[in-house]
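Per-entry structural report
What follows is each chain in one-letter form.
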Amino acid sequence: ISEKVLGQLDVLLRSGVLDEHAVNVVALAGSALAKSQQDTCELDTPDHVGLFGLLTALRDPNTQRALAFGLRFSKCFGNSLAEDQESQTSQATQS
């Protein structure tokens with residue numbers, strides 16, 4: 001294994017991606033994705049969701065839960081991207 005690959009594995013292991021909670025979230029998302037795909041593919045024609053259907057779906061507690069999670073993830077991920085960009089900019093100016 002090359003030094004580059006070992007470095008990448010180290011970054012991956014330190015990233016928290018294998019944290020118990022992260023693995024659980026990925027497992028839950030995978031299960032939901034598979035069920036959604038199966039449920040959608042079993043329909044003769046896919047459901048058409050218009051604006052009112054979307055507004056109705058927004059009242060569903062499970063939809064609310066998933067949207068809240070997605071928004072929190074977006075905020076955390078955006079923050080991580082900003083920190084990474086600042087770090088790369090800082091390293092580039094020091095070189």
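Here, the structure is the one placed above.
Residues numbered from 1 in each chain as written. Predicted model: local features only at pLDDT ≥ 70, side-chain atom pairs only at ≥ 80, totals over all residues. Heavy atoms only, no water.

1. Quick look at the overall build of the chain
- Counting secondary structure elements, the chain contains 4 helices and 0 strands.
- Ordered by position in the sequence, the α and β elements of the chain form the string α-α-α-α.
- Relative to a compact globule of 95 residues, whose C-alpha radius of gyration would be 12 Å, the chain shows 20 Å and is clearly more extended.
- With the C-alpha coordinates aligned to their principal axes, the bounding extent of the chain is approximately 55 × 30 × 25 Å.
- Put simply, the chain has 95 residues, and 0% of those count as buried.
- In the chain, 7 side chains carry a positive charge and 12 a negative one; their mean positions are 6 Å apart. (Helix = DSSP H or I, 4+ residues; strand = E, 2+ residues; numbered from the N terminus. Rg over C-alpha atoms; globule rule 2.2 N^0.38 Å. Buried < 20%, exposed > 50% of the residue type's maximum accessible area, 1.4 Å probe, protein only. Lys, Arg positive; Asp, Glu negative; His and termini not counted. Charge placed at Lys NZ, Arg CZ, Asp CG, Glu CD.)

2. Some points on the pattern of salt bridges
- Summed over the entire model, instances satisfying the criterion amount to 1 salt bridge.
- One salt bridge connects R14 with D10, and the closest N-O pair in it is separated by 2.9 Å. Here D10 and R14 lie together in helix α1 (residues 3-14), a separation of 4 residues that amounts to about one turn.
- Among the residues examined, D10 registers a relative accessible area of 37% and is labelled partly exposed. (Salt bridge = Lys/Arg side-chain N within 4 Å of Asp/Glu carboxyl O.)

3. Description of helix α4 (residues 61-94)
- Across its 34 residues, α4 extends 49 Å between first and last C-alpha, which sits within 8% of the 50 Å expected from 1.5 Å per residue.
- The N-cap of α4, judged by a side-chain oxygen 3.1 Å from the amide nitrogen of N62 a few residues on, is D60. (Expected span 1.5 Å × (residues − 1). Polar contact = N/O pair within 3.5 Å; in protein donor to acceptor, adjacent residues only side chain to side chain.)

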